Amino acid sequence: MSTRTNPYQEFHQDCFNAAKAWGEQLPQGLHWLNAERQLGLEQFEQMQLPTRKTESWKYTPIAAIVQGNILQLKSAADKANAEGIKGDFYTVTLLNGELQSAPEIEDAALNVVPFANASDEQQNLIKAHLNKTFGFQDHPFAALNASTLQDGVLIHIKADSKPLKPVQIVHANGSGDEGFSSHNRVLIVVERGAKGTVLETFLDIASKVQMRNVISEIFLAENSHLTHYALNSESEQHIHTGAVFVEQQAGSQFVEHNFATGGALKRRDIQIKLLGPQADCKLYGAYLIGGQSHVDYHTAIDHVAPHCTSEEVFKGIVTDQGKAVFNGRIHIHRDAQQSNANMSNKNLLLTNTAEVNTKPELEIYADDVKCAHGATVGQLDEMSLYYFQTRGISKADAHRMLSHAFIETVLDEMDIETVHEHVQQSAEQFYQHCQDCAK
Amino acid sequence: MLSIKNLYARVEDKDILKGLTLEVKPGEVHAIMGPNGSGKSTLTHVLSGRDGYEVTEGEVTYFGKDLLELEPEDRAREGIFLAFQYPVEIPGVSNIQFLRTAMNSIRKYRGEEELDAASFLKLARQKIGMVNLDPAFLKRGVNEGFSGGEKKRNEIMQMLMLEPKLALLDETDSGLDIDALQTVANGVNALRSPDRAVILVTHYQRLLNYIVPDYVHVLANGRIVKSGGRELALELEEKGYGWLNIDDDEKSVV
């Protein structure tokens, strides 16, 4: 064995140094936020970064991130490089992690504020929830995010109320910036009986290497309802690590829509804890991966309380040298009797060089539960293609229509029409690309 | 219109067609009968160009063109239509979307204007009525959850929309009750005209009571062993295939 420092250790050290230096040059902000950052830094220093031998990172080597030269952290630039989805939303832009402009939102049901501008009451709310949903050791990039914590955005939906519009958070970087990372933080607190929708859009147009490391913590109080969108359509060289950590109380409902195309590397962790009876979550995902892109969805649903339901459907199409990883875990705790959990992951592999690694995992410690899971990797059905052709439809068009049919069942679950149209357009471009490849 | 000469074809290294010759002229209806495994379905798939159906000898010309050189979609655009024995279910693609794409692909190939949505829908509603299917079927996924009879009627409906010059019907009558059989036959008869031809592949004589063929051929062991007029089908019904000195193991039951 070589005694040279391995690249992971080196990268770990470099990350730590960068995070530390970053913290030292920050202006003195909120005392408790500094303390959180310091805690994150200590945790990050002590942990081990995952290697290829780490099961949860087996198919997504962080070596790709190591090579990305993204250690430089940056504060807000002057001009965002991306706009969000057009629609009837309260749109706020996080530019390099900082809230670009204080949004003028006049909605009695809603507060959207940067941590730094939070009122005392809001600060208490943030303190009570920040960094509470995940273990640092299990989530190295969440720990890195915590160790660079400077600011974030709080979305607070008040009890028994419903904002007039969905909130859209646009995660953008400065135009022309390259070789750097931003560590964004979103905290969503949905009070008892409230109902709302939050979109997070990641829509870069820059061609330079950038990394974005985003954590969204979401709390649903009793009988509340939240629909959350995570729409990733980054440019080719972009690296994205992100996590959504959700805690649900009794009777709450959480729906999440994931959509991903492009990007050098995307790793998203979604963790949902069903903590009170009759909490319900629905998780949908569609990924369309071509070129050299790589996407990795790791989901974990914890049925902690009894009588909860979860439904999870992820579908993907992978072509060229694209690579997709899906790992879905359902954990039914001992007291979670009468749980009902369904999970499915279906993949279409269009070329010999494309790759899919899918792994559904069930851990069940209660005896009265209903659980089902399934994973498939296949190709477009030859007989179906032939059927189209015998009706005068070209093979290329048949490819496009069958791909669309495969994915649309997931996209169709999106309940905001402008968003549905937006992702359909992205998807159409992807099918067009596949169609050109099939010629 | 269609001229098949000494056709040999194999599927997965198994020779199925062994020197088949057939001549079809506009306006004619040919019924092809024969025991299971004689190559009836293979013939229809070779004509419509299915992958894996390899022609090893012989030739097929269609309006003077070498048919075997054409892609399946171009054969369809040139006017060949295959009604499947087992129509494929395509969840997520509606019947209407499917048919409209098909129709416009064909029109485009022929240098015709695409049909606008309203005219298309009007036409589709008219044709679906001809096969006694509820217009609601237009919005459903192609054949998705259709019964056997509904699938066959949907095939005929597609045929009526696309108005082929040469229709190949692969056991379209199998699994149909008498009402559905009549509906299917009416659909085919509606299409009959002096410039169109039909090749009916069937196990049973009974369809031929409704679609009266000009010629009946017996296909056995990859070749046509006997041809005749309509009366040949009746003779087959009466005597089975035994009197033709062919392998009678799996002769059809009427």
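Remember, it's a predicted structure, so these values are computed and weren't measured experimentally. (Residues numbered from 1 in each chain as written. Chains lettered and ligands numbered in written order. Predicted model: local features only at pLDDT ≥ 70, side-chain atom pairs only at ≥ 80, totals over all residues. Heavy atoms only, no water.)

Structural notes on the overall build of chain A
We apply this condition: Strands are runs of DSSP state E lasting at least two residues, helices are runs of H or I lasting at least four, and both sets are numbered from the N terminus onward. We compute the radius of gyration over the C-alpha atoms and compare it with the globule rule, which gives 2.2 Å times the number of residues raised to the power 0.38. Classification of residues uses two cut-offs on accessible area relative to the type maximum, computed with a 1.4 Å probe and protein chains only: under 20% is buried, over 50% is exposed, and between them is partly exposed. Here, residues are in contact when the closest pair of their heavy atoms is within 4.5 Å.
The secondary structure content of chain A amounts to 8 helices and 20 strands. Computed over the C-alpha atoms, the radius of gyration of chain A is 21 Å, within 12% of the 22 Å expected from 2.2 N^0.38 for a compact globule of 439 residues. The C-alpha extent of chain A, read off along each of the three principal axes, is 70 × 50 × 50 Å. Across the 439 residues of chain A, 60% fall into the buried class. In chain A, the share of contacts with a sequence separation of at least 24, taken over all contacts with a separation of at least 6, comes to 85%.

Some thoughts on the overall build of chain B
Counting its secondary structure elements, chain B contains 7 helices and 12 strands. The C-alpha radius of gyration computed for chain B amounts to 18 Å, which stays within 12% of the reference 18 Å derived for 254 residues, consistent with globular compactness. Projected onto its principal axes, the C-alpha coordinates of chain B cover approximately 55 × 40 × 35 Å. Going through the 254 residues of chain B one by one, you find that 55% of them count as buried. Considering only contacts in chain B between residues 6 or more positions apart, those separated by 24 or more positions represent 68%.

Quick look at the packing of helix α1 (residues 7-25) of chain A against helix α2 (residues 31-46) of chain A
Residue and element names in this part refer to chain A. Going by this rule: Simply put, an axis is a line fit to the C-alpha atoms, just over the touching stretch for a helix, and the angle between two N-to-C directions goes from 0 to 180 degrees. Roughly parallel means an angle under 35 degrees; roughly antiparallel means over 145; roughly perpendicular covers 65 to 115; every other angle is labelled oblique. Crossings are assigned a handedness: left-handed for a near helix turned anticlockwise from the far helix by less than a right angle, right-handed for a clockwise turn. In the scheme used here, Gly and all other residues not listed as nonpolar or charged are polar, with Ala, Val, Leu, Ile, Met, Phe, Trp, Tyr, Cys and Pro taken as nonpolar and Asp, Glu, Lys and Arg as charged.
Running from N to C, α1 and α2 point in directions that differ by 165°, and their axes come no closer than 10 Å. In this view, α1 runs roughly antiparallel relative to α2, as classed from their interaxial angle. Helix-helix and strand crossings are classified by hand; for α1 and α2 the assignment is left-handed. Of the residues in α2, those in contact with His12, Cys15, Phe16, Ala19, Lys20 and Gly23 of α1 are Arg37, Leu41, Phe44 and Glu45. Per-class residue counts for the contact of α1 with α2 are 5 nonpolar, 2 polar and 3 charged.

Observations concerning the sheet that holds strand β2 (residues 90-95) of chain A
All names here are of chain A. Put simply, the rule reads: When DSSP locates at least two bridges between a pair of strands, those strands are taken to pair.
Overall, mixed pairing links the 10 strands, which are arranged β3-β2-β6-β8-β10-β12-β14-β16-β18-β20 in an open sheet. Pairing within the sheet leaves two strands with one partner each, and these edge strands are β3 (98-99) and β20 (370-378). Looking at chain direction, strand β14 (residues 280-289) and strand β16 (residues 309-318) are connected through 10 bridges and run parallel. From the neighbouring strand, Asp280 faces β16, where its bridge partner is Thr309. Where helix α7 (residues 395-411) meets the sheet, its contacts fall on β12 (253-261), β14, β16 and β18 (340-349), and the angle it forms with β16 comes to roughly 150°.

Comments concerning the interface of chain A and chain B
Filter applied, for reference: Here the buried area means the combined drop in accessible surface, using a 1.4 Å probe, for two parts upon being joined, counting both sides. Any carboxyl oxygen of Asp or Glu that lies within 4 Å of a side-chain nitrogen of Lys or Arg is treated as forming a salt bridge with it. Identification of polar contacts relies on pairs of N or O atoms within 3.5 Å, with a donor-acceptor requirement for protein atoms, meaning one able to donate a hydrogen and the other able to accept it, and with residues adjacent in sequence counted only if both atoms are side-chain atoms.
The interface is formed by 17 residues belonging to chain A together with 32 residues belonging to chain B. Of the roughly 1900 Å² buried where chain A meets chain B, counting both sides, 64% is carbon and sulfur surface. For the chain A face of the interface with chain B, the top three residues by lost area are Tyr386, Tyr387 and Arg391 of chain A, together amounting to 38%. In this structure, the salt-bridge partner of Lys395 of chain A is Asp51 of chain B, at a minimum N-O distance of 3.8 Å. Applying the counting rule to chain A against chain B returns 11 residue pairs in polar contact (both at pLDDT 80 or more). Mapped by element, the contributors of at least two residues to the side of chain A that touches chain B are α6 (382-389) and α7 of chain A. When residues in the side of chain A that touches chain B are grouped by element, the largest group, 7 residues, is from α6 of chain A. Here the residues of the side of chain A that touches chain B sort into 8 nonpolar, 5 polar and 4 charged.

Structural notes on the side chain of His331 of chain A
Residues and elements named next belong to chain A. On the secondary structure map, His331 appears in strand β17 (residues 323-332). Residue classification places His331 among the buried positions, given a relative accessible area of 13%. Not counting chain neighbours up to four residues away, the residues in contact with His331 comprise Ile301, Asp302, His303, Glu363 and Tyr365.

The values reported here are purely geometric and, on their own, carry no functional implication.
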